[in-house]
Amino acid sequence: MKNLLASRGRTFWLSLAVAMVIALAATALAYGAFRWVTESAEARVVAMSPRGEEVPRMAPVTIKIKGQVNREFLQEHLSIWPSVDGSASWKGDALVFQPTWPGYARGATYAVSLPTPSTGPEEPEKQVSFSFTVEGKLSVDMVVPEGDSQDIPLDSAVLVEFNRPVAPLTVLEEESPTGDILEIEPA
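Everything quoted here is computed from the prediction, not taken from an experiment.

Caption draft 1: Region of interest: the overall build of the protein. Check the secondary structure of the protein and you find three helices and 10 strands. In sequence order, the secondary structure elements of the protein are arranged as α-β-β-β-α-β-β-β-β-β-β-β-α. Considering the protein as a whole, with its 187 residues, one finds that 23% of them fall into the buried category. Pairs at least 24 residues apart make up 56% of the contacts formed inside the protein by residues separated by at least 6 positions. Accessible area of the protein: about 13,600 Å², with a carbon and sulfur share of 57%.

Caption draft 2: Highlighting the sheet that holds strand β6 (residues 94–99). Read across the open sheet, the four strands follow the order β1-β3-β6-β5; overall the sheet is antiparallel. Of all the strands in the sheet, just β1 (44–49) and β5 (86–91) have a single pairing partner and so form its edges. Adjacent strand axes in the sheet meet at a mean angle of 20° when their direction is disregarded. As paired elements, β1 and strand β3 (residues 61–66) share five bridges and run antiparallel to each other.

Caption draft 3: Structural view of the nonpolar core. In this structure, V61, I63, L74, Y104, Y110, V112 and F132 are the most contacted members of the largest nonpolar core, which totals 23 residues. Ignoring sequence-local partners within four residues, the contact set of Y110 consists of I80, W81, P82, V84, Y104, A105, F130, S131, F132 and V134.

Caption draft 4: Representation of the sheet that holds strand β7 (residues 109–115) within the structure. Taken in spatial order, the four strands of this open sheet run β2-β8-β7-β4, and their pairing is mixed. Unpaired on one side and paired on the other, β2 (52–55) and β4 (79–81) mark the two borders of the sheet. Taken pair by pair, the neighbouring strands of this sheet meet at an average axis angle of 30°, ignoring direction. The sheet contact formed by β2 and strand β8 (residues 127–134) spans two bridges and is parallel. Within β8, the position partnered with V55 by the bridge is V134.

Caption draft 5: View of the pattern of salt bridges. Within the structure shown, the criterion is met by one salt bridge. Between E135 and R106 there is a salt bridge; the shortest N-O distance is 3.5 Å. Here E135 is found in the loop between β8 and β9 (140–144), whereas its partner R106 is found in the loop between β6 and β7, with 29 residues between them in sequence. Given a relative accessible area of 15%, E135 falls into the buried group. Residue R106 is classed as partly exposed on the basis of its relative accessible area, which comes to 35%.

Caption draft 6: Quick look at the confidence of the model for the protein. Counting all residues, the mean pLDDT for the protein is 76, and 63% of those residues have values of 70 or more. By mean pLDDT, helix α1 (residues 2–30) is the weakest element of the protein at 54, and β6 is the strongest at 96. Segment residues 29–40: pLDDT under 50, and 26 contacts once partners within four positions in sequence are set aside and those in other chains are kept. Across residues 118–123, where pLDDT falls below 50, the model places two contacts with residues more than four positions away in sequence or in other chains.

Caption draft 7: Representation of a nonpolar patch on the surface in the model. The grouping of V140, V143 and V158 at the surface amounts to a nonpolar patch, some 220 Å² of accessible area in total. With respect to the helices, strands and loops of the structure, V143 is situated in strand β9. We classify V143 as partly exposed; its relative accessible area is 35%.

Caption draft 8: Representation of the side chain of R57 within the structure. If you trace the backbone, R57 turns up in the loop between β2 and β3. For the buried R57, no salt bridge is present, and the opposite-charge side chain at shortest range is E135, 5.7 Å distant. There is a polar contact of 3.4 Å between the side chain of R57 and the backbone oxygen of P102. Among the polar contacts made by the side chain of R57, one reaches the main-chain carbonyl oxygen of Y104 at a distance of 2.8 Å. Not counting residues up to four positions away in its chain, the partners in contact with R57 are P99, P102, G103, Y104, R106, V134 and E135.

What counts and how
Residues numbered from 1 in each chain as written. Predicted model: local features only at pLDDT ≥ 70, side-chain atom pairs only at ≥ 80, totals over all residues. Heavy atoms only, no water. Helix = DSSP H or I, 4+ residues; strand = E, 2+ residues; numbered from the N terminus. Buried < 20%, exposed > 50% of the residue type's maximum accessible area, 1.4 Å probe, protein only. Contact = heavy atoms within 4.5 Å. Areas by Shrake-Rupley, 256 points an atom, 1.4 Å probe, with all protein chains shown as cover. Pairing = 2+ DSSP bridges. Axes fitted to C-alpha atoms, helices over the stretch in contact; angles between N-to-C directions. Core = buried A, V, L, I, M, F, W, Y, C linked by side-chain atoms within 4.5 Å. Salt bridge = Lys/Arg side-chain N within 4 Å of Asp/Glu carboxyl O. pLDDT = per-residue confidence, 0-100. Patch = residues over 30% accessible without salt bridge, like charges linked within 9 Å, V, L, I, M, F, W, Y side chains within 5 Å. Lys, Arg positive; Asp, Glu negative; His and termini not counted. Polar contact = N/O pair within 3.5 Å; in protein donor to acceptor, adjacent residues only side chain to side chain.

As structure tokens, then:
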């Protein structure tokens, strides 16, 4: 009889422990504690790009994350402002956003943010964020001969240097563009 009571007592305590674990897990899910981190409290952002100025218009946004995370949640909550069309996907441990053509607006500054894990339901959600500026409009850096030069032979070559690489005029000439590509004054 004593063994029967001891066996029922162990079953009761084991059942109570399982019920408490289930109740704690349900509470944590209800408050979103497992929303970002699924297995590891060590999950963190370890690299973000691009940064700085003169970022190419089609540059991907890459956020490398160390640790186990809820990939779907992060992919859905990646925020880029101002809004730009594109798609987000995972490549290894990096969340990558690739803009669609024609990419980011020239000269615009973009802010990128992503939710980070919270330590408890009462802590407000934090964000990892960074920004970058897209390359500006095409501008002329240098012209040879200079604008105030005199007595230049009519058959002289003119060198025009821009602030970034551009398509060579020979390629454009083959496509027969309409309108002037480059205007030289006085004509």
